[in-house]
Amino acid sequence: MNKTLLGKRALMCAASFLFWFSQYIYNPFLSPYLLGLGISATFAGTIIGAYGFTQLVARFPLGISADCLQKHRVFILLGMLFSGLASVIRFFFPQPVPMLLANLLSGIASSMWISFTILFSRYYPPEELSKSIGLLTAMNNAGTLAAYLLGGVLYEPFGMKSLFLGSALSGGLGLVIALFVKDEPPQGDRPQPRALVRSTLRDKRLWLFSIAALLYHMILFATANSFTSNIVKELGASGVEISACSALFMAASMIAAWFVGTKPAQALGERPMMCVCFCLLGLYALVLPRLDSLPLIMVVQFLGGLGGSSLISLLMSNAVRNIPGVARSTGMGFFQSVYALGIMLGPVWMGAMADRTGFVAGYAIVGALSLACAAGLYLLTRKEA
C-alpha cells in the first residue's frame, strides 16, 4: 500500500478517535447529572435532544457546502473546535441553560462528521465504500469506548468537571492533528447547489435508508445513549459500573462495525444483517428495564451493542451507494439530517414518558418499534438492498 495513503488514513483515524472521545467522555453521566441539578426528566431529555436538533438543521446545508467547496478539511477543523468549546462552556457554566447551549454546540460539531466520512471514503476505491465507512465507524466506537472507560475512572474521585475538562483537551488535541489532514483533489467541476439538491432528493434509495436511520437513532438515543445510565444508577451502581455498562455497549458496537467489512459479513448479506440488528435492539429495549441484576444488564448491554454501529454503517453505505461522488456529501448531509431528527426526538420522548409512566413502558414501546423496523426493512428492501 502507498505510504502516503496509509498516512492519510492513519491521521483521519486518529482525528476521528479524538473527536468522538471529546463528544462522549461525559455522556454516560449526563442524564443523572442533569437530573441531579433538580430539573425534570422532560427538560433533561430536551437538553440531550438539543444535540440532535442542531444536526437536523445543519447537516444538509453543510453537505451541500462541502460538495460545492470540495474542501472537507475546514469542516473537520470546525468540528474539533466546536466539540472542545462546548465542554469549555460546560466546565465553567454547569447550569441548565448553558448546558442546553453547550449541547446545541456539540450538535453543530457532530454535523461536521459528514466531511470525516466522505473524505475518508475517498481514500478507498469505490467498491470498498462499506469497508471504509465500517472502519471509520469502528474508530468512532473506539474513541467512544475509551471515553467511557476513562470517564468511569475519573468520575468517582474528580467529579463531572474532570470529564468536561477531558472533553475540551481531547478536542484541542484533535484540532492539532486535523491540521495535518489533507484534502483529496476535487472530483470534476464544482456543482451548483440547486442541481445537487434536486438530483439528491430524487433518490428513493436515499429516502428509504434515511428514514430507517432516523428510527434507529430514535431508538438508540431514547435508551442506550441517554436514560439507560439512569436506570443503572437507580440500581445502586457506582460511577465505574455505569461507565462499564456504557463501555460494553460500545465495545460490542465496535466489534460489529468492524465485522461489516469482513468476508463473512459479505457472505451473509447486508439485508439479513440489518434486520437482525434491529431485532437485537428491540430485544434490548424490551428486556433491560425489567432487570434488577447489574451483571445481567451488562450482558444485555453487550448484546444490544451488537445491533448498534454495524446497523448504522450498513444504512449509511446503502443510502449513498447510488449517488455520484460529486454529490455524495449532499446525500450524506441529507441522510444525517434526517437521522438527526431521531437523535432529537428519542430522548425528549423518553424523558416525557419517564415523567408520566416510567421507563418500563417507554422502553417497551421503543422495543416494539425496533422489531417493527426489522420487519418493515425486510419487506421494503427486497429490491433495494
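Quick notes on the rules
- Residues numbered from 1 in each chain as written.
- Predicted model: local features only at pLDDT ≥ 70, side-chain atom pairs only at ≥ 80, totals over all residues.
- Heavy atoms only, no water.
- Helix = DSSP H or I, 4+ residues; strand = E, 2+ residues; numbered from the N terminus.
- Rg over C-alpha atoms; globule rule 2.2 N^0.38 Å.
- Buried < 20%, exposed > 50% of the residue type's maximum accessible area, 1.4 Å probe, protein only.
- Contact = heavy atoms within 4.5 Å.
- Lys, Arg positive; Asp, Glu negative; His and termini not counted.
- Charge placed at Lys NZ, Arg CZ, Asp CG, Glu CD.
- Patch = residues over 30% accessible without salt bridge, like charges linked within 9 Å, V, L, I, M, F, W, Y side chains within 5 Å.
- Areas by Shrake-Rupley, 256 points an atom, 1.4 Å probe, with all protein chains shown as cover.
- Salt bridge = Lys/Arg side-chain N within 4 Å of Asp/Glu carboxyl O.
- Axes fitted to C-alpha atoms, helices over the stretch in contact; angles between N-to-C directions.
- Parallel < 35°, antiparallel > 145°, perpendicular 65-115°, else oblique.
- Left-handed = near helix turned anticlockwise from the far one by under 90°.
- Nonpolar A, V, L, I, M, F, W, Y, C, P; charged D, E, K, R; others polar.
- Phe/Tyr/Trp six-rings, centres within 6.5 Å; stacked < 30°, edge-to-face > 60°.
- Lys NZ or Arg CZ within 6 Å of the ring centre and 35° of its normal.
- 1 Å grid on protein atoms, 1.4 Å probe; cavity = no way out; pocket = protein on both sides within 12 Å on 5 of 7 lines; lining within 4 Å.
- Points joined across faces, edges and corners; volume = space filled by probe spheres on them.
- Core = buried A, V, L, I, M, F, W, Y, C linked by side-chain atoms within 4.5 Å.
- Polar contact = N/O pair within 3.5 Å; in protein donor to acceptor, adjacent residues only side chain to side chain.
- Expected span 1.5 Å × (residues − 1).

Q: So what about the overall build of the protein chain? Which residues, and what values?
A: From N to C terminus, the protein chain includes 18 helices and 0 strands. The C-alpha radius of gyration of the protein chain comes to 19 Å, within 12% of the 21 Å expected for a compact globule of 385 residues. For the protein chain, the spread of C-alpha atoms along the three principal axes comes to 55 × 45 × 40 Å. Burial status across the protein chain gives 58% buried among its 385 residues. A separation of at least 24 residues holds for 87% of the contacts in the protein chain among residues at least 6 apart in sequence. For the protein chain, the distance from the average position of its 26 positive side-chain charges to the average position of its 14 negative side-chain charges is 7 Å.

Q: Give me the lowdown on a nonpolar patch on the surface, citing residues and values where you can.
A: Together, Ile255, Trp258, Phe259, Leu268, Val299, Phe302 and Leu303 make up a nonpolar patch on the protein surface, roughly 650 Å² of accessible area in all. Going through the elements one at a time, helix 12 (239-259) and helix 15 (294-306) are the ones with two or more residues in the nonpolar patch. Residue placement: Val299 occurs in helix 15.

Q: How would you sum up the packing of helix 1 (residues 3-24) against helix 6 (residues 113-121)? Please name residues and give values.
A: Think of two packed helices as two axes; the pair is described by the angle between the axes and how far apart they sit. The geometry of helix 1 relative to helix 6 is characterised by a closest axis approach of 11 Å and an angle of 160 degrees between their N-to-C directions. In terms of orientation, helix 1 lies roughly antiparallel with respect to helix 6. Taken as a pair, helix 1 and helix 6 cross one another with a handedness that is left-handed. Taking contact as the criterion, the partners of Arg9, Met12, Cys13, Ala15, Ser16, Phe19 and Trp20 in helix 1 are, on helix 6, Trp113, Phe116, Leu119 and Phe120. Partitioned by chemical class, the residues of the contact of helix 1 with helix 6 number 9 nonpolar, 1 polar and 1 charged.

Q: A description of the packing of aromatic side chains should follow, citing residues and the corresponding values.
A: Going through the model one piece at a time under the given rule, you end up with 21 aromatic pairs. Ring geometry for Phe29 and Tyr155: centres 4.1 Å apart, planes at 10 degrees, overall stacked. Placement of Phe29 in the loop between helix 1 and helix 2 (30-36) and of Tyr155 in helix 7 (residues 129-158) is noted, with a sequence separation of 126 residues between them. Residue classification places Tyr155 among the partly exposed residues on the basis of a relative accessible area of 23%. Aromatic pair Phe120 and Tyr124: ring centres 5.3 Å apart, planes at 55 degrees, arrangement tilted. An aromatic cluster of three or more residues is present, and its members are Phe19, Trp20, Tyr24, Trp113, Phe116 and Tyr148. We note Arg9 situated over the ring of Tyr124; from NZ or CZ to the ring centre the distance is 3.7 Å.

Q: Give a detailed account of empty space enclosed by the protein, specifying residues and quantitative values.
A: Applying the stated criterion to the full structure yields 2 cavities of 30 Å³ or more. Of the volumes computed, that of the second largest cavity is approximately 100 Å³. Considering the residues around the second largest cavity, the lining is formed by Gln23, Tyr24, Tyr26, Asn27, Leu30, Ile48, Tyr51, Arg90, Asn103, Ser106, Phe221 and Asn225. Those elements giving two or more residues to the lining of the second largest cavity turn out to be helix 1, helix 3 (41-69) and helix 5 (96-111).

Q: Describe in detail the nonpolar core, supporting the description with residues and values.
A: Formed by 113 residues in total, the largest nonpolar core has its most connected members in Phe116, Leu315 and Phe335. In this view, Phe335 contacts Leu206, Phe209, Ser210, Ala213, Ile312, Leu315, Met316 and Ala319; residues no more than four positions away in its chain are not counted.

Q: Before we move on, could you go through the environment of Phe92 and cite the residues and values that matter?
A: Tracing the chain through its elements places Phe92 in helix 4 (residues 73-92). Measuring from C-alpha to C-alpha, the distance between Phe92 and Leu104 comes to 16 Å, with 12 residues separating the pair along the chain.

Q: Give a description of the layout of surface pockets that names residues and reports values.
A: Space inside the largest pocket adds up to approximately 180 Å³. Its residues assigned to classes, the lining of the largest pocket comprises 4 nonpolar, 4 polar and 4 charged. Roughly 160 Å³ of internal volume is contained in the second largest pocket. Around the second largest pocket, the lining residues are Ile255, Ala256, Phe259, Leu268, Met273, Val276, Cys277, Leu280, Leu306 and Ser310. When residues of the lining of the second largest pocket are traced back to their parent elements, those giving at least two are helix 12 and helix 14 (270-287). Among the elements that make up the lining of the second largest pocket, the one with the highest residue count is helix 14 (4 residues). Split by residue class, the lining of the second largest pocket holds 9 nonpolar, 1 polar and no charged.

Q: Give me the lowdown on the side chain of Thr137, citing residues and values where you can.
A: With respect to the secondary-structure elements, Thr137 resides in helix 7. According to the relative accessible area criterion, Thr137 is buried, its value standing at 7%. Within the local environment of Thr137, its side chain forms a polar contact with the side chain of Ser313, the two groups lying 3.2 Å apart.

Q: Which residues make up the environment of Gln192, and what values go with them?
A: As for its placement among the helices and strands, Gln192 is situated in the loop between helix 8 (160-178) and helix 9 (193-201). Assessed through its relative accessible area of 56%, Gln192 is described here as exposed.

Q: Quick rundown of helix 10 (residues 204-222)? Include the residues and the values.
A: The terminal C-alpha atoms of helix 10 lie 27 Å apart, and with 19 residues this matches the ideal 27 Å at 1.5 Å per residue to within 8%. Most of helix 10 is tucked away: 15 of the 19 residues are buried. Where helix 10 begins, the side chain of Asp203 points an oxygen toward the backbone nitrogen of Arg205, at a separation of 3.0 Å.

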